[in-house]
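Spelled out, the chains give:
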Amino acid sequence: MVHFSRICLRKYGNLVDNLRLYVRGGSGGMGFPRLGGQGGDGGDVWVVATKDITLKRIKNKYPEKRFVAGVGANSSIRALKGMKGEDKEILAPVGITVTTDDGKLIGELNAVGDRIKVATGGSGGSFHSAFQPSKGQTKHVRLDLKLIADLGLVGFPNAGKSSLLTTLSNATPQIASYAFTTLRPEIGKLMYEDYKQISVADLPGLIEGAHMNKGMGHKFLKHVERTKQLLFVVDVSGFQLASKTPFRSAFEAVQLLTKELELYREELLTKPALLVVNKMDLPDAEDRLAELKEQLHNPEEFSELLPDDMIPKSFLSFRHVVPVSALTGFGISDLKSRIRESLEQEALAEAKGNHEEKLQALRSHSLERSTPPGPNPAPQ
Ligand SMILES: Nc1nc2c(ncn2[C@@H]2O[C@H](COP(=O)(O)OP(=O)(O)OP(=O)(O)O)[C@@H](O)[C@H]2O)c(=O)[nH]1
Ligand SMILES: [Mg+2]
């Protein structure tokens, strides 16, 4: 039994592929002048690469995006050398570059366990500093997901992704009429008359069950994460992987692709998506396209065509549905314009978001400065 009430059209636009964080090392502890005691150093702030985390989860978990390490302990009669303050670890995904606010590279996280220090704690007070501690470093850092291309082609084998990339760009991917000809992402560049370039990654064939690591499974899906937008590609006349697997219409293919992405990582579906309906040169293509459009318009009604467990939680709403033929070139220039339009729309929205975020930070900063400082927190 399917519950349609939980099905709604998905809004896109809240994909998080970069984050700006406030980080502060802990202050050092006070020295002990009479006995020459040395305060503990403040803790440091680290970014640490971890499995199963995304930038979006960091953002949701820490909406203030502030990471402050612990203060160093004061030197005392019982402990002349104060304890170091506690380090703060920001758990982040692999495949991230960490930069300063003005774009200088601090480091990269390329494997689980990689660590980058982003703010150093202040030194504890000692003889050399007249027993006065120093403050920890304070700054903004940016975490950026390393992208492989602006767009990623998402489609079942044989949909015509490689052919499409060739027609769209100057790439010459391997093309053959059997599944899994694409073994690693091939990047093509779309050139525009004003020299604008957009990169598109052809990703290895996705199949049903990829989220469970069937076929090229995760190898494929992990690349999808590293593109800004998705270009779904379906064969207008449907698709059958092998004689013993069921035939899937273009509509079913769209929903199954959506479900595979959802099961792997739901967040992927927050990326803006365009749908390319390929092979429009085939007989009956126009009728099939009309049917597909009607189904996409009212997906709930047609979802019973799918196995129950393959109905997406919510249906993707595509920014554009573009019929093309990679073979004849029909619709290709229209597709190129749509792609550019969609990326520019997103870049504008992002710039606006960043601007607002900075304004808000400025406002709360001036608010902080106008309230009188309270007593210093007691060192732990
Ligand atoms: N009639 C027609 N055939 C096409 C079109 N585009 C691709 N094909 C054919 O469809 C088959 C599959 O094309 P590919 O480009 O290799 O498909 P793919 O999606 O890259 O497939 P995988 O790499 O296996 O995932 C080839 O035989 C192409 O010649 C088209 O627009 N019209
Ligand atoms: Mg291919």
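Everything numeric here is computed off the predicted structure, so don't read it as measured data.

Colleague: Even after reading the chapter, I still don't get the overall build of the protein chain, so can you show me in this structure?
Modeller: On a plain count of helices and strands, the protein chain comes out with seven helices and 14 strands. Looking at the protein chain as a whole, 48% of its 380 residues qualify as buried. A sequence separation of at least 24 residues applies to 72% of the contacts in the protein chain between residues at least 6 apart. Per element, the accessible surface of the protein chain, about 19,900 Å² overall, is 53% carbon and sulfur.

Colleague: I keep staring at a negative patch on the surface and nothing clicks. Help me out?
Modeller: There is a patch of like negative charges on the surface, built from D284, E286, D287, E291, E294, E301 and E304. If you tally residues by element for the negative patch, the top one is helix α5 (residues 285-297), at four residues. Along the chain, E294 turns up in helix α5.

Colleague: So what exactly am I meant to see when it comes to the side chain of S199 here?
Modeller: Position of S199 relative to the elements: it lies in strand β11 (residues 197-202). Every residue in contact with S199, bar those within four places of it in the chain, is listed here: A149, D150, L151, I187, G188 and K189.

Colleague: What should I look at first to understand the pairing of strand β5 (residues 96-100) in this one?
Modeller: Within a regular strand, side chains alternate between the sheet's two faces. The element β5 is largely enclosed, with a buried count of five among its five residues. Where burial is concerned, the two faces of β5 agree: the one with I96, V98 and T100 and the one with T97 and T99 are both buried. With five bridges connecting them, β5 and strand β8 (residues 138-145) associate as antiparallel partners. From the neighbouring strand, T97 faces β8, where its bridge partner is D144.

Colleague: Would you take a moment to explain unusual backbone geometry for this structure?
Modeller: Here F131, not a glycine, exhibits a phi torsion of approximately 70°, which is positive. Position of F131 relative to the elements: it lies in the loop between β7 (115-119) and β8. Of the residues examined, F131 reaches a relative accessible area of 11% and is grouped as buried. The backbone phi angle of D284 is positive, close to 70°, even though this residue is not glycine. Within the secondary structure, D284 sits in the loop between β13 (273-278) and α5.

Colleague: Just checking my understanding: could you explain the sheet that holds β11 for this structure?
Modeller: In sheet architecture, strand pairing relies on hydrogen bonds along the backbone and comes in two forms, parallel and antiparallel. On the basis of which strands lie adjacent, the open sheet formed by six strands has the order β10-β11-β9-β12-β13-β14 and mixed pairing. The open sheet has two edge strands with one neighbour each: β10 (186-191) and β14 (321-323). Strand-to-strand, the axes of this sheet are offset by a mean angle of 25°, without reference to chain direction. Pairing of strand β9 (residues 149-154) with strand β12 (residues 227-235) involves five bridges; the strand directions are parallel. From the neighbouring strand, G152 faces β12, where its bridge partner is L230. Across the face of the sheet, helix α4 (residues 250-264) comes into contact with β9, β12 and β13 while running at roughly 145° to β12.

Colleague: Explanation requested: the confidence of the model for the protein chain in the structure shown.
Modeller: Detailed conclusions should not be drawn from predicted coordinates in areas where pLDDT is low. The predicted model of the protein chain averages 85 in pLDDT, with 84% of residues at 70 or higher. By mean pLDDT, helix α3 (residues 217-224) is the weakest element of the protein chain at 72, and β14 is the strongest at 98. Here residues 1-13 is a poorly scored stretch, pLDDT under 50, and it has 30 contacts once near neighbours within four places are set aside; other chains count. Here residues 373-380 is modelled with pLDDT under 50, and outside its nearest four sequence neighbours on either side it reaches six contacts, counting other chains as well.

Colleague: Got a minute to help me understand helix α2 (residues 161-168) in this structure?
Modeller: An α-helical turn contains 3.6 residues, so a residue and the one three or four places further along point in the same direction. Regarding α2, the residues found buried are K161, S162, L164, L165 and L168. All buried residues of α2 project into a common sector of 160° when viewed along the axis, lining one side.

What counts, and at which threshold
Residues numbered from 1 in each chain as written. Chains lettered and ligands numbered in written order. Predicted model: local features only at pLDDT ≥ 70, side-chain atom pairs only at ≥ 80, totals over all residues. Heavy atoms only, no water. Helix = DSSP H or I, 4+ residues; strand = E, 2+ residues; numbered from the N terminus. Buried < 20%, exposed > 50% of the residue type's maximum accessible area, 1.4 Å probe, protein only. Contact = heavy atoms within 4.5 Å. Areas by Shrake-Rupley, 256 points an atom, 1.4 Å probe, with all protein chains shown as cover. Patch = residues over 30% accessible without salt bridge, like charges linked within 9 Å, V, L, I, M, F, W, Y side chains within 5 Å. Salt bridge = Lys/Arg side-chain N within 4 Å of Asp/Glu carboxyl O. Lys, Arg positive; Asp, Glu negative; His and termini not counted. Charge placed at Lys NZ, Arg CZ, Asp CG, Glu CD. Pairing = 2+ DSSP bridges. Axes fitted to C-alpha atoms, helices over the stretch in contact; angles between N-to-C directions. pLDDT = per-residue confidence, 0-100. Arc of directions from axis to C-beta.

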